[in-house]
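Residue strings, one per chain:
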Amino acid sequence: MKKVAVVGAGTMGNGVAHVFAQQGWNVTLIDTSADAIARGMETIKKNLDRQVKKGAGSKEQGAETLGRIKTSSSLDSVKDADLVIEAATENPDIKFDIFEDLDRLAPKGTILASNTSSISITEIAKQTKRPERIIGMHFMNPVPIMKLVEVIRGKETSNDTVKKTVEIVRELEKIAVEVNDAPGFVSNRVLMPMINEAIFCVDEGVATPEAVDQVMKLGMNHPLGPLALADLIGLDVCLDIMKVLQDGLDAHKYRPAPLLERMVAQGRLGRKSGQGFYAYHD
Ligand SMILES: NC(=O)c1ccc[n+]([C@@H]2O[C@H](COP(=O)([O-])OP(=O)(O)OC[C@H]3O[C@@H](n4cnc5c(N)ncnc54)[C@H](O)[C@@H]3O)[C@@H](O)[C@H]2O)c1
């Protein structure tokens, strides 16, 4: 039985814990916030129930999956992990501190992966004494549904680490696409400026959120409009990613839309806060 520790129990962390437990891994879900752990476990339970209702597995399998996930408030719990996946807040200082601690606490050969959307894997690796074992494992939201894992190779990531990570992705029945380390990698370098531009359209009165989303769904065949997608991702996460693109690439080209900054300041973060471009009641 393999052991994975997931650091951060928010939108992504609980999804990552869900898919590993479903494949038979023993999971420890770690978060500094007791509330986040409670909400994360509740979300996993709800999503497992939904999968059972849709015929993807039995009630017993759902209960077994849930039984393989334990929780912790301390990074000490990574001491016997075969793999660690960090899915904490998208802030370089928070991630750098976490990786410094993980390097000290996790077994020597353990791969330490980050689910970061945009922060440099090479810079994260510099906080550790095992840069060859640091890699980006960028799951997509919602994790139990989305097939892609963008695998990001830092400057010193070893071939062995990449190979093992790709094997794990395959084991999770997902598809790895390898990319090199650059701000936003590929996914968010392409996606986030589109979301930001959609927010500029609303801010400048070009169209309502509903109209912007309709144009992109009906005209471009996107399954979800950019503003509904921003609500799903979390507007705070979108803003953090724009700041990484701005700092790392071009300050003017990637400046966050003022409306995005205002909404985050007001706590209108999308689905997770109940209100973003749309209102969410459940
Ligand atoms: N939201 C998305 O759609 C999405 C998609 C792909 C990747 N990501 C990335 O995944 C990561 C997590 O994003 P999220 O949307 O789940 O954020 P979130 O805000 O929902 O959750 C982050 C969690 O990290 C916890 N945390 C903060 N500092 C911590 C620490 N020192 N130790 C342990 N836990 C800590 C917080 O309490 C919170 O529960 C980010 O790097 C983000 O860029 C997000």
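These notes cover the structure that comes with them. In this text, all values refer to a predicted model and were calculated from it rather than measured experimentally.

Conventions adopted
Residues numbered from 1 in each chain as written. Predicted model: local features only at pLDDT ≥ 70, side-chain atom pairs only at ≥ 80, totals over all residues. Heavy atoms only, no water. Helix = DSSP H or I, 4+ residues; strand = E, 2+ residues; numbered from the N terminus. Rg over C-alpha atoms; globule rule 2.2 N^0.38 Å. Buried < 20%, exposed > 50% of the residue type's maximum accessible area, 1.4 Å probe, protein only. Contact = heavy atoms within 4.5 Å. Lys, Arg positive; Asp, Glu negative; His and termini not counted. Charge placed at Lys NZ, Arg CZ, Asp CG, Glu CD. Disulfide = S-S within 2.5 Å. Pairing = 2+ DSSP bridges. Right-handed = clockwise from strand over helix to strand, strands pointing away. Axes fitted to C-alpha atoms, helices over the stretch in contact; angles between N-to-C directions. Parallel < 35°, antiparallel > 145°, perpendicular 65-115°, else oblique. Left-handed = near helix turned anticlockwise from the far one by under 90°. Nonpolar A, V, L, I, M, F, W, Y, C, P; charged D, E, K, R; others polar. Near = heavy atom within 4 Å. Polar contact = N/O pair within 3.5 Å; in protein donor to acceptor, adjacent residues only side chain to side chain.

In terms of regular secondary structure, the protein chain is built from 11 helices and 8 strands. Taking 2.2 N^0.38 as the reference for a compact globule, 282 residues should give roughly 19 Å; the C-alpha atoms of the protein chain span a radius of gyration of 19 Å, in line with that estimate. Seen through its principal axes, the protein chain has C-alpha atoms that stretch 55 × 45 × 30 Å. Taking all 282 residues of the protein chain together, 49% fall into the buried category. In the protein chain, of all internal contacts separated by at least 6 residues, the share reaching a separation of at least 24 is 67%. Distance from the positive charge centre (35 side chains) to the negative charge centre (38 side chains) of the protein chain: 4 Å.

This part is about the state of the cysteines. Evaluation of the coordinates by the stated rule reveals 0 disulfides. Lacking any disulfide linkage, Cys201 is separated from the closest cysteine sulfur, that of Cys238, by 15 Å. When its relative accessible area of 0% is taken as the criterion, Cys238 is described as buried.

For His18, the position within the fold is in helix 1 (residues 11-22). We classify His18 as buried; its relative accessible area is 1%.

All right, on to the pairing of strand 1 (residues 3-7) then. Buried residues dominate strand 1, accounting for 4 of its 5 residues. Pairing analysis gives 5 bridges linking strand 1 to strand 2 (residues 26-30), with the strands arranged parallel. Paired with Val4 across the strands is Val27, a residue of strand 2. Assessed by its sense of winding, the connection that carries the chain from strand 1 through helix 1 to strand 2 is right-handed. Where strand 1 meets strand 4 (residues 83-86), 4 bridges bridge the pair, whose relative direction is parallel. Pairing of Val6 across the sheet is with Ile85, part of strand 4.

The subject of this paragraph is the packing of helix 7 (residues 187-203) against helix 9 (residues 226-233). To describe two helices that pack against each other, one gives the angle between their axes and the distance between the axes. Packing of helix 7 against helix 9 leaves a shortest axis separation of 9 Å and a crossing angle of 115°. Taken together, the axes of helix 7 and helix 9 lie roughly perpendicular to each other. Handedness of the helix 7/helix 9 crossing: left-handed. When helix 7 is examined against helix 9, the residues Leu191, Met192, Met194, Ile195, Ala198, Ile199 and Val202 are found in contact with a partner set consisting of Pro226, Leu227, Leu229, Ala230 and Ile233. Grouping the amino acids of the contact of helix 7 with helix 9 by side-chain chemistry returns 12 nonpolar, no polar and no charged.

All right, on to the site of the ligand then. In the region of the ligand, 25 residues are neighbours, and Asp31, Glu90, Lys95, Ser117 and Ile233 sit closest. In this structure, Glu90 approaches the ligand through a side-chain N or O atom, which is 2.5 Å from an oxygen atom. Within the side chain of Asn141, an N or O atom sits 3.0 Å from an oxygen atom of the ligand. Counting residues per element, the ones that place at least two in the shell around the ligand are helix 1, helix 4 (92-105) and strand 6 (134-139). Broken down by class, the residue content of the shell around the ligand amounts to 10 nonpolar, 11 polar and 4 charged.

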